[in-house]
Amino acid sequence: MTSEQDYPVLWPVPTRWADNDHYGHVNNVTYYSYFDTAVNAWLMHATGTDTRDLPAIGIVAQTSCKFLGSLSFPDQLQVGIRIARLGNSSISYELAIFREAGDTLKLAATGTFVHVYVDEVTRQPIEIPAVIRAAAEPLVVTEILESEAADA
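Residues numbered from 1 in each chain as written. Predicted model: local features only at pLDDT ≥ 70, side-chain atom pairs only at ≥ 80, totals over all residues. Heavy atoms only, no water.

**Details of the pattern of salt bridges**
In this structure the tally under the stated criterion is three salt bridges. A salt bridge links R16 to D19, with the nearest nitrogen and oxygen atoms 2.6 Å apart. Accessibility expressed as a relative area gives 2% for D19, which makes it buried. The salt bridge involving R82 is made with E94; its shortest N-O contact spans 2.8 Å. Note that R82 is positioned in strand β3 (residues 76-86) and E94 in strand β4 (residues 90-101), a separation of 12 residues in sequence. Taken as a pair, R82 and E94 share a single burial class, namely buried. (Salt bridge = Lys/Arg side-chain N within 4 Å of Asp/Glu carboxyl O. Buried < 20%, exposed > 50% of the residue type's maximum accessible area, 1.4 Å probe, protein only. Helix = DSSP H or I, 4+ residues; strand = E, 2+ residues; numbered from the N terminus.)

**What to know about the nonpolar core**
By size, the foremost hydrophobic cluster in this structure holds 32 residues, and its most contacted members are W42, V79, I81, Y93 and I97. Taken together, the elements giving at least two residues each to this core come down to β1 (9-14), α1 (28-47), β2 (56-67), β3, β4, β5 (104-119) and α2 (130-136). In terms of residue count, the dominant contributor to this core is α1 (seven residues). Apart from the residues lying within four places of it in its own chain, the contact partners of V79 are V9, L10, W11, V13, Y34, F35, A38, L95, A96 and I97. (Core = buried A, V, L, I, M, F, W, Y, C linked by side-chain atoms within 4.5 Å. Contact = heavy atoms within 4.5 Å.)

**Points about the pairing of β4**
Of all 12 residues in β4, nine are buried, a share of seventy percent or more. Sheet topology places β3 next to β4; nine bridges connect them, and they run antiparallel. Residue R82 lies in a different strand from β4, and its bridge partner there is E94. Here β3 hands over to β4 after three residues, the two strands then running antiparallel side by side. Sheet analysis places β4 next to β5, joined by 12 bridges and oriented antiparallel. Following the sheet pairing, I91 is matched in β5 by H115. (Pairing = 2+ DSSP bridges.)

See below:
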């Protein structure tokens, strides 16, 4: 079972009033927004750089989400971030959304998020910028992924 200890980074993301849909819970597409917000805010924090100013752009090439629990405003969330693969031009993140419930965190979703770095002008894949690679390297968690695969 996935827990917050499986993620080297937990990034806070609050729900917003506008996140609730007609049925009174956070709409499924909003979970992807939480992933995007957490990854990019963490990148800016970890690198000390506004990543929008780099000559490489991190384009989202793939996402997925497995919904495990309902969220609703005004839930406070923690998005777990770890890296499954750090390639030459791409980073494959594994993410988990946890809802704060008193002193505990309740798992609400897991997902993936792949950034492919491209040149800002040509849009052709290029190497991950050094500042981003340096921030990402400590989050690579292959040993967790291998143990989870063995459990499957």
